[in-house]
Amino acid sequence: MIDFAVANDKETFGRMREPLAERGIQVHHVPVRERTITIGDPPWEPDDYDVGFVYPGRLMEGGVADAVLEIPWLNDHETVLTSRNKAEVLARLERADLPVPDSVYVSNDVSETELIEVFERFEPPVVVKPNSTTRGVGVAKAHDLDSFLGICDYLSLVHDYRATGDRSFLVQEYLPAATDYRVMVLEGEYVGAVERRLPDDAVSEGQWKHNAHRGATATGVELPEPWRELAESVAAELEVPFLGVDLLETDDRLVVNETNARPTIDEATKYDAGFYDRLAAAIRDVAGRN
């Protein structure tokens, strides 16, 4: 039996426990945040676990856990950092001739004149997105210049705080009425996809972000082969073993909006039939490197 460490006990933890146990992998919750840890007497031993799932999202806590546990991760520190840096992902995909939204990277502080020039590159509204947040946190839509500059002012106030590690954000084109897909790629191969859709009443009230944590529902879908190949190309370019690739589809475009190296696993019915066999094989492969 392989002992598999998972830092969060949310939906993914609950969904993977039984399928992986059936395949000889015992899933354990290893909490690394919102607790105290005595450095000289940690709650774990290096031989307690064989392999970890994805590197913890709070990187400082992850560093402590990584030092104590001494295990390889399916998605390690470097892959989580790469995916979290939205601007880096877009730049790398652009260089690889993969389709992405028109975007401008802003590293604060910049002048108001520069921000106005950025805004005027686009047809309003524009999307303003913190560079390294997740779950849609801090993402805003600005319909006019005054609103845009106001959002930038708030970001500057946050960035003035000395402990803020990332003082950058993205300004992107807004793709109205786009359909949002989360595509899962494991070890370079497509393993399933969901369409994320907001309830009609939420849309009528002005909601537009399709994150599951913002109330969107995820429905399993079959994607055309070229779309699957696009997601696989993204994972290959970023060199992330287990990756969620977010695609936006309009009438005439398909673009890679974001990626997530700490993706939520949905119900097994939304993935290919062999998903858990392939996940278990990937875990065993990583554990064999320990």
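Numbering of residues starts from 1 in every chain and runs along the sequence as written. Local features in this predicted model are restricted to residues of pLDDT 70 or higher, and side-chain atom pairs are both shown and tallied only at a pLDDT of 80 or more, whereas totals for entire chains, interfaces and linings draw on every residue. To obtain the side-chain values, all non-hydrogen atoms of the structure were used and water was disregarded.

This brings us to the overall build of the chain. Within the chain, the regular secondary structure consists of 9 helices and 13 strands. Projected onto the principal axes, the alpha-carbon positions of the chain cover approximately 60 × 45 × 40 Å. For the chain, the share of sequence-separated contacts (at least 6 apart) that also reach a separation of at least 24 residues comes to 63%. To be clear on the numbers: accessible area is Shrake-Rupley with a 1.4 Å probe, and residue cover counts the displayed protein chains and nothing else. In the form shown here, the chain has an accessible surface area of approximately 14600 Å², with 46% of it arising from carbon and sulfur atoms. If the 29 positive side-chain charges of the chain are averaged to one point and the 55 negative ones to another, these points end up 3 Å apart. Each helix is a run of DSSP H or I of at least 4 residues and each strand a run of E of at least 2, with the numbering of both proceeding from the N terminus. Contacts between residues were defined by any pair of non-hydrogen atoms, one from each residue, lying within 4.5 Å. For the purpose of charge, His is not counted, nor are the chain termini; Lys and Arg are scored as positive and Asp and Glu as negative. Note that the charge is assigned to NZ on lysines, CZ on arginines, CG on aspartates and CD on glutamates.

What follows deals with the nonpolar core. In this structure, Val183, Val234, Val245 and Leu247 are the most contacted members of the largest nonpolar core, which totals 39 residues. Of all the secondary structure elements, the ones that give two or more residues to this core are α2 (59–69), α4 (86–95), β9 (179–186), β10 (189–197), α8 (225–238), β12 (242–249) and β13 (254–260). Tallying contributions element by element places α8 first for this core, with 6 residues. For Val234, the contacting residues outside a window of four places in its chain are Leu93, Leu98, Leu243, Val245, Val256 and Thr259. Nonpolar cores are built from buried Ala, Val, Leu, Ile, Met, Phe, Trp, Tyr and Cys residues. Side-chain atoms within 4.5 Å join them into one set. The cut-offs for exposure are 20% and 50% of the maximum accessible area for each residue type, with area from a 1.4 Å probe on protein chains only; residues under the lower value are buried, those over the upper are exposed, and the others partly exposed. The next biggest cluster of nonpolar side chains, apart from the first, holds 26 residues, and it includes Val6, Met16, Phe53 and Tyr276.

Let us look at a negative patch on the surface. Exposure above 30% relative accessible area and no salt bridge define the residues that can form patches, which grow by joining like charges within 9 Å and nonpolar side chains of Val, Leu, Ile, Met, Phe, Trp and Tyr within 5 Å. What counts as a salt bridge is simple: a side-chain nitrogen of Lys or Arg found within 4 Å of a carboxyl oxygen of Asp or Glu. Judged by side-chain charge, Asp41, Glu45, Asp47 and Asp48 come together as a negatively charged surface patch. Here Asp48 shows up in the loop between β2 (25–29) and β3 (51–54). Judged by relative accessible area, Asp48 falls into the partly exposed class, the value being 31%.

Attention shifts here to the packing of aromatic side chains. Here the aromatic set is Phe, Tyr and Trp, taking the six-membered ring for Trp, and pairing holds for ring centres within 6.5 Å; pairs whose planes are under 30 degrees apart are stacked, those over 60 apart are edge-to-face, and all others are tilted. Under the counting rule described, the total for this entry stands at 8 aromatic pairs. Their ring planes at 35° and their centres at 6.5 Å tell us that Phe242 and Phe275 sit as a pair that is tilted. Of this pair, Phe242 sits in strand β12 while Phe275 is found in helix α9 (residues 275–287), placing the two residues 33 residues apart along the sequence. A residue is classified by how much of its surface remains accessible, and Phe242, at 0% relative accessible area, is buried. Through pairs of rings, three or more aromatic residues link up here, namely Phe4, Phe53, Phe242, Tyr271, Phe275 and Tyr276.

Turning to α4, its buried residues number three or more, namely Lys86, Ala87, Val89, Leu90 and Leu93. In a view along the axis of α4, the buried residues occupy a sector of 160°, so they form one face of it. The inward-facing, buried residues of α4 contact α3 (77–84), β5 (103–107), β6 (126–130), β8 (168–173), α8 and β13. Asp97 occupies a position one or two residues after α4 and carries a positive phi of about 60°. This arc describes the spread of directions from the helix axis toward the C-beta atoms.

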